Structure formats: structure tokens, C-alpha cells
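Structural features, examined
The primary structure of each chain is shown beneath.
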Amino acid sequence: MNLFFSLTLQLLKRLHRKREIKPTCKRDKKKGTEPIIKFFTSAIAIHPITKKLYLLSAADHMLFIFDMKGNLEHIEQLNSKMFNKAEGITFLSNGDMLITNEAQDKKTDIASI
């Protein structure tokens with residue numbers, strides 16, 4: 001199966017405005033308050049049961065969930081203290097999600113969600 005998604009920051013910001021997620025915002029005199037979404041993909045995985053595509057953006061501390069047609073279904077703001085640099089995502093066969101953080105101060109960790 002081949003998948004191709006085309007995402008732009010403008011699309012994510014537009015979709016983001018419809019949700020209650022509040023990432024860092026900047027104030028622009030012409031545009032008002034606008035979310036700062038960097039969207040640097042750090043990891044991607046497909047859920048073994050739902051077949052949804054999960055995408056991590058470590059720079060934003062966000063998890064994006066898409067259906068297999070490329071439609072954004074959910075944005076989850078991750079706890080920045082728990083997920084300080086989320087760089088890996090995988091799923092167990094029962095659907096449990098594991099997210100790993102990049103080693104900082106020579107220490108890595110894994111969180112199960």
C-alpha cells in the first residue's frame with residue numbers, strides 16, 4: 001500500500017483553529033493571535049487496529065492523527081515535561097502506543113499511552 005499526504009503549515013493552522021489545542025501563539029498586528037506550529041516530523045507509525053496514521057512533531061510537543069485518506073482527525077498536545085523531545089512512536093499488537101524521548105542528559109525514557 002502506497003500513501004502520499006501533502007500537508008502544509010497553512011492547512012494545519014487552519015485545522016488547528018477548529019480545535020481546543022493551544023500551542024505557543026504569536027501576536028501579529030495584522031493577523032491577531034496565530035498558533036506557532038513548526039511541524040517537524042520526528043516519527044510516524046500506523047496503529048495496528050484502527051489503521052490510523054500517527055505523526056509526532058517533537059518541536060511542537062504534538063501528536064497528529066490522520067485517517068488513511070490523509071484527513072486530520074485529531075491533534076493532541078503532549079505534556080512537554082513528559083515528552084520533552086518525542087522522537088519515536090510504535091504500537092504493540094494490542095494497540096498500546098509507546099513514545100520514546102531523545103536522550104537528554106544521557107537519559108532516555110519510554111512512555112506508554
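Here is what the cut-offs are and how they apply
Residues numbered from 1 in each chain as written. Predicted model: local features only at pLDDT ≥ 70, side-chain atom pairs only at ≥ 80, totals over all residues. Heavy atoms only, no water. Phe/Tyr/Trp six-rings, centres within 6.5 Å; stacked < 30°, edge-to-face > 60°. Helix = DSSP H or I, 4+ residues; strand = E, 2+ residues; numbered from the N terminus. Buried < 20%, exposed > 50% of the residue type's maximum accessible area, 1.4 Å probe, protein only. Salt bridge = Lys/Arg side-chain N within 4 Å of Asp/Glu carboxyl O. Lys, Arg positive; Asp, Glu negative; His and termini not counted. Polar contact = N/O pair within 3.5 Å; in protein donor to acceptor, adjacent residues only side chain to side chain.

Another point: the packing of aromatic side chains. Per the counting criterion, the structure on display carries one aromatic pair. Taken together, a centroid distance of 4.9 Å and an interplanar angle of 70° make the contact between Tyr-54 and Phe-91 edge-to-face. One end of the pair, Tyr-54, is in strand 4 (residues 53-57); the other, Phe-91, is in strand 7 (residues 86-91), and 37 residues separate them in sequence. Its relative accessible area of 12% is what places Tyr-54 among the buried residues. When its relative accessible area of 14% is taken as the criterion, Phe-91 is described as buried.

Looking now at the pattern of salt bridges. If you walk through the whole model with that rule in mind, you get two salt bridges. Measuring nitrogen to oxygen at the nearest pair gives 3.0 Å for the salt bridge that ties Glu-73 to Lys-52. A residue pair is termed long-range when its members are at least 10 positions apart, and Glu-73 in strand 6 (residues 72-77) and Lys-52 in the loop between strand 3 (41-46) and strand 4 qualify at 21 residues. Residue class for Glu-73 comes out partly exposed when judged on its relative accessible area of 37%. Exposure remark for Lys-52: the relative accessible area of 23% places this residue in the partly exposed category. In this structure, Lys-85 and Glu-87 form a salt bridge, with 4.0 Å as the shortest nitrogen-oxygen distance.

Here Asp-67 shows up in the loop between strand 5 (62-66) and strand 6. Of the buried charged residues, Asp-67 lacks a salt bridge, with Lys-52 as the closest side chain of opposite charge at 5.7 Å. For Asp-67, the side chain forms a polar contact with the main-chain nitrogen of Lys-69, separated by 2.8 Å. Separated by 2.9 Å, the side chain of Asp-67 and the backbone nitrogen of Asn-71 make a polar contact.

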